[in-house]
Amino acid sequence: MGGVPSVEAEDRALTRPARRGWAAMAAAGLLIVVGFLALQPVRPPAERPADAPAGEFSAARAFSHVRTIAAGPHVAGSSANDVVREHIVTTLRGLGFDTEVQDTVTTQGGDLSSSAGGMGLARVRNVVALRPGTASTGRIFLVAHYDSVQTGPGGNDDAAGTSAVLEAARALSGGPALRNDLVLVLTDAEEACLCGAKAFVDQHPLARQGGVVLNLEARGSSGPAIVFETSQRNAGLVGALARVPHPVGTSFAVEIYRLLPNDTDFTAFRERGFTGLNSAYIDGAAVYHTPVDTPDSMSRDSLQHHGETVLALTRDLGDRDLATLRSGGDATYFPVPGGLAHYPGSWTWPLAVAALVAVLALGWVARRRGLATARRQLAATALTLVPVLAVPVLAQLLWILLKIIRPGYAEMPIDPYRPGWYRLALLALTLAVVSAWYALLRRRLGPAALAIAGLAWLALLGLVLAAVAPGGSYLTALPALAGAVAGVVAVLLRGGWTAVAAVTLGTSAAVVVLLPTLVMFFPAMGMALAGTGAFLAVLLALALLPVLDLIHPEAGGQRGVGALSARRRGALPALAATLALLACTAAGLVADRFDRAHPAPTHLMYALDADTGQARWLSASHTPSDWTAQYVGDDPAPVTDTLPAFGAQELLSGPAEPASLPAPELTKTADTTAGDRRTVTLRLLPRRPVRLVTLHVGAAAEVASATVGGRTVATDRTAGGVWGFGFVFHAPPPTGVVVTLTVPATAPLKLRAMDASDGLSAVPGFRVRPADVGVVGSHSSEMLAVAKTYTF
């Protein structure tokens, strides 16, 4: 910086109000009001009571279904799931829907399936209900899954979605029939392998002509129901979403989700060519897939939002010509006070370019008025990378520190139970870094140069997003455009209060656009990815620099002690934010303690090798707790040779007392040879109640073709190690699973069969968890596996 002459910062600001303190208070007050209003659209509406009008959605009425569905864990294939399914069928038939159960076998990849040679299958029993339209132009499908994971009752995931569909069906059944056909699809085995949705779109006659699907999910216990995924060419659907009472969604979330490997039931419909929307409420993610995902953990306001949105969308789409729904391209959309702002995706590039042009114009005007030289603007632009990069890194380091202080956080893949104080700590961290950076550079480079640099980065990011994630470009392009136009007005006016009003209005646009997305992304990414939320917070802080400058004291004309005192006062915002960071972090540690209602998650499995009679405790924990350490050691290792279903996953292990459990039975029912090919038919039969069975073929026998449960399956992926092709079959029928393999005639046929049930309480040597120790929401948590090798 030695080559840049120092000019008083006050003479190089976008605004020069006569009463700086009053101007700062007025601007901050207005932004607080704007922020409050901007956050209202992302708050769920209040629960409607049980005596609400019959045509309205009532969370109180829907919650009675939640209690029935989530009375306990009801994994696919279990007797508990049979009870849930019967409740759904009885309810829909009572409402006059033509209801059936689709009972079939299908293939699909799933969590454990991806290790098991990449092939998953399940016997599914979907509930499908039809209400014909009066003059149908297509079909509307309301979709949710009624099964739960084995570790929890699924009060939110997805009793909420299923109950919302049932209550919406009740509200619709009492009114006039819709123009279009309405199909309710309550899927099975979503948690196991997304198999229910796959079975419906592949095999059910009602799916053959496609349609519009509205899928309801939950990955938490509270918050608004957010439309986080759509099909391509979503402009028509977004227009319908904008007409519902409380629309919440952002095209930025859609772009992010399209880049992620995550899937829901919506995936099968989207890949089959259906158009539609995927929504979920996602805050309170600590309960996800755990025993504490109970009905009592649910925010009924979130249930209300889920249900009233799907009901309003169904009524809107139910009476329009669905053939025209995909006539447009993708839309850009985001929440604003009063509803959902949306515009055609074709506006993305013009707005992004306009933002950059406006920032360049601001830079030119600032140079003409002597507020910032080109050298200062370039230096400020380069140095703006410091907070842009430092804040996300420090945010991740904060989470690492919290995991060191509280090791149980390492087992929470998204968020702690009560993350509110930690989120405030991230905001304080952002303010501390940006304020310190600004105070250090303000005298050297000047407020105008720093403000222009912040807007420049927003504009540049708008262009980058326009190229790689068009639906997210608005996040930075619109604040940059508004801020730059306001900056030009402020520079030209130079009238003190009118200039303050201009920049305050310009920064208000950034608050309206960025703040709701920031609030949605904190729970979406969680503390585990704290840097993503912190990055959005930095962008908002950069847009607010013209107002932040008003907090700093005047520097014009001061020298010596006076200038030093001014610089010290300028450091107060950073100091206050740092103290807030420490206070919020400490408050979070005090508020978010593990207890009976919020237990520390732990992971434990038990595996018995029927060949040797030896048993092992296994854990996928990253940092085993004191309780888990009773069972397993500290050195993770793969278990592929004995448990090929887990692939290359490394697990902690420890010796266990063998339990008296029968191994799955594998019998040969047919064996023929033709040329160099041998075809063997086998029956895999569990001899105890189990959730799944797996079978893997020794790598020496390359499987040329295979059918499982009557379905032809791909054989091109293998488990690794000494094992080749394999599969996992969820919810196996009582008669077992018939498998036909074609292998080389001369190769030895060695097979490893495994079955798995849930619950470790009856296993010898197991000690009941203390009240403040819980279960990780994993598909292998509490698994009790028995494996045996067969050779034919």
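Scoring rules and cut-offs
- Residues numbered from 1 in each chain as written.
- Predicted model: local features only at pLDDT ≥ 70, side-chain atom pairs only at ≥ 80, totals over all residues.
- Heavy atoms only, no water.
- Helix = DSSP H or I, 4+ residues; strand = E, 2+ residues; numbered from the N terminus.
- Buried < 20%, exposed > 50% of the residue type's maximum accessible area, 1.4 Å probe, protein only.
- Contact = heavy atoms within 4.5 Å.
- Phe/Tyr/Trp six-rings, centres within 6.5 Å; stacked < 30°, edge-to-face > 60°.
- Pairing = 2+ DSSP bridges.
- Axes fitted to C-alpha atoms, helices over the stretch in contact; angles between N-to-C directions.
- pLDDT = per-residue confidence, 0-100.
- Salt bridge = Lys/Arg side-chain N within 4 Å of Asp/Glu carboxyl O.
- Core = buried A, V, L, I, M, F, W, Y, C linked by side-chain atoms within 4.5 Å.
- Expected span 1.5 Å × (residues − 1).
- Arc of directions from axis to C-beta.
- Disulfide = S-S within 2.5 Å.
- Parallel < 35°, antiparallel > 145°, perpendicular 65-115°, else oblique.
- Nonpolar A, V, L, I, M, F, W, Y, C, P; charged D, E, K, R; others polar.

Undergrad: Explain the side chain of Thr314 here, please?
TA: Considering the arrangement of structural elements, one finds Thr314 in helix α10 (residues 300-318). The class of Thr314 is buried, set by a relative accessible area of 0%. Excluding anything up to four places from it in sequence, Thr314 contacts Ile140, Leu142, Leu172, Leu178, Leu182 and Leu214.

Undergrad: Can you help me understand the packing of aromatic side chains in this one?
TA: Two aromatic rings, taken as a pair, are described by how far apart their centres are and by the angle between their planes. Following the criterion strictly, the structure yields 22 aromatic pairs and no others. An angle of 50° between the planes, with centres 6.4 Å apart, marks the rings of Trp437 and Tyr438 as tilted. Both residues of the pair, Trp437 and Tyr438, count as buried. When the ring of Trp627 is compared with that of Phe766, the centres are 5.9 Å apart and the planes differ by 80°; the resulting orientation is edge-to-face. Here the residue Trp627 occupies a position in the loop between β12 (614-619) and β13 (637-638), and Phe766 occupies one in the loop between β22 (750-758) and β23 (773-775), the gap between them amounting to 139 residues.

Undergrad: What should I look at first to understand the sheet that holds strand β16 (residues 677-685) in this one?
TA: In a beta sheet, neighbouring strands pair by backbone hydrogen bonds and run either parallel or antiparallel. If you trace the 5 strands from one edge of the open sheet to the other, you get β15-β16-β21-β18-β19, paired in antiparallel fashion. The open sheet terminates on both sides in strands that have one partner only, identified here as β15 (665-674) and β19 (711-713). Ignoring strand direction, the axes of neighbouring strands in this sheet form an average angle of 20°. Taken together, the 9 bridges between β15 and β16 define a ladder with antiparallel strand orientation. Across the sheet, Lys668 pairs through a bridge with Leu682, a residue of β16.

Undergrad: Just to check I follow, could you spell out the confidence of the model for the chain for this structure?
TA: Any residue range with low pLDDT should be treated as having predicted coordinates unsuitable for detailed reading. Here the chain averages 93 in pLDDT, while 95% of its residues score no lower than 70. In the model, residues 1-10 has pLDDT below 50 throughout and makes 29 contacts with residues more than four positions away in sequence or in other chains. Segment residues 555-562 is flagged for pLDDT under 50; beyond a separation of four residues in sequence, or across chains, it makes 10 contacts in the model.

Undergrad: Where do I start with the pattern of salt bridges in this structure?
TA: If the charged atoms of two oppositely charged side chains come close together, the side chains can form a pair. Here the structure, examined in full by the defined rule, presents 28 salt bridges. As a salt-bridge pair, Asp82 and Arg85 come within 2.5 Å of each other at their nearest N and O atoms. Residue Asp82 and its partner Arg85 are located together in helix α3 (residues 79-94), separated by 3 residues, close to a single helical turn. The partly exposed category is assigned to Asp82, whose relative accessible area is 29%. For Arg85, a relative accessible area of 10% puts it in the buried group.

Undergrad: I keep staring at the nonpolar core and nothing clicks. Help me out?
TA: Side chains of nonpolar character tend, in soluble globular proteins, to be buried together. Grouped together as the largest cluster of nonpolar side chains are 93 residues, with contacts concentrated most on Phe334, Val359, Leu402, Trp437 and Tyr474. For this core, the leading source of residues is helix α15 (residues 447-468), giving 12 residues. Discounting residues that sit within four places of it in the chain, Trp437 has contacts with Leu383, Thr384, Val386, Pro387, Leu450, Leu542 and Leu545. Core analysis: the second largest hydrophobic core is formed by 54 residues, Val66, Leu92, Leu182 and Leu325 among them.

Undergrad: Teacher, can you tell me more about helix α11 (residues 348-368) here?
TA: Three or four residues apart is the spacing at which side chains of an α-helix point the same way, because the helix has 3.6 residues per turn. Spanning 21 residues, α11 covers 30 Å between terminal C-alpha atoms, matching the ideal 30 Å at 1.5 Å per step. Looking at α11, one finds that the buried residues are Thr348, Ala352, Ala355, Ala358, Val359, Leu362, Gly363, Val365 and Ala366. All buried residues of α11 project into a common sector of 165° when viewed along the axis, lining one side. Set apart from the buried face of α11 by more than 90 degrees, the exposed residues are Val357, Leu360 and Arg368. One or two residues past the end of α11 sits Gly370, with phi positive at roughly 75°.

Undergrad: I tried to follow the state of the cysteines on my own but got confused; where do I start?
TA: Chemically, a disulfide is nothing more than a covalent bond linking the sulfur atoms of two cysteines. Counted by the stated rule, this structure contains 1 disulfide. Across the disulfide from Cys193 sits Cys195; the S-S distance is 2.0 Å. Given an S-S torsion of about -125°, the disulfide between Cys193 and Cys195 has left-handed geometry.

Undergrad: What is the right way to look at the packing of helix α2 (residues 59-69) against α3 in this model?
TA: Helices that pack against each other are described as a pair by the angle of their axes relative to one another and the distance between those axes. Direction vectors running N to C along α2 and α3 enclose 150°, while the axes themselves pass 9 Å from each other. As the angle between them shows, α2 and α3 are arranged roughly antiparallel. Across the interface between the two elements, His65, Thr68 and Ile69 of α2 pack against Val84, His87 and Thr91 of α3. Grouping the amino acids of the contact of α2 with α3 by side-chain chemistry returns 2 nonpolar, 4 polar and no charged.

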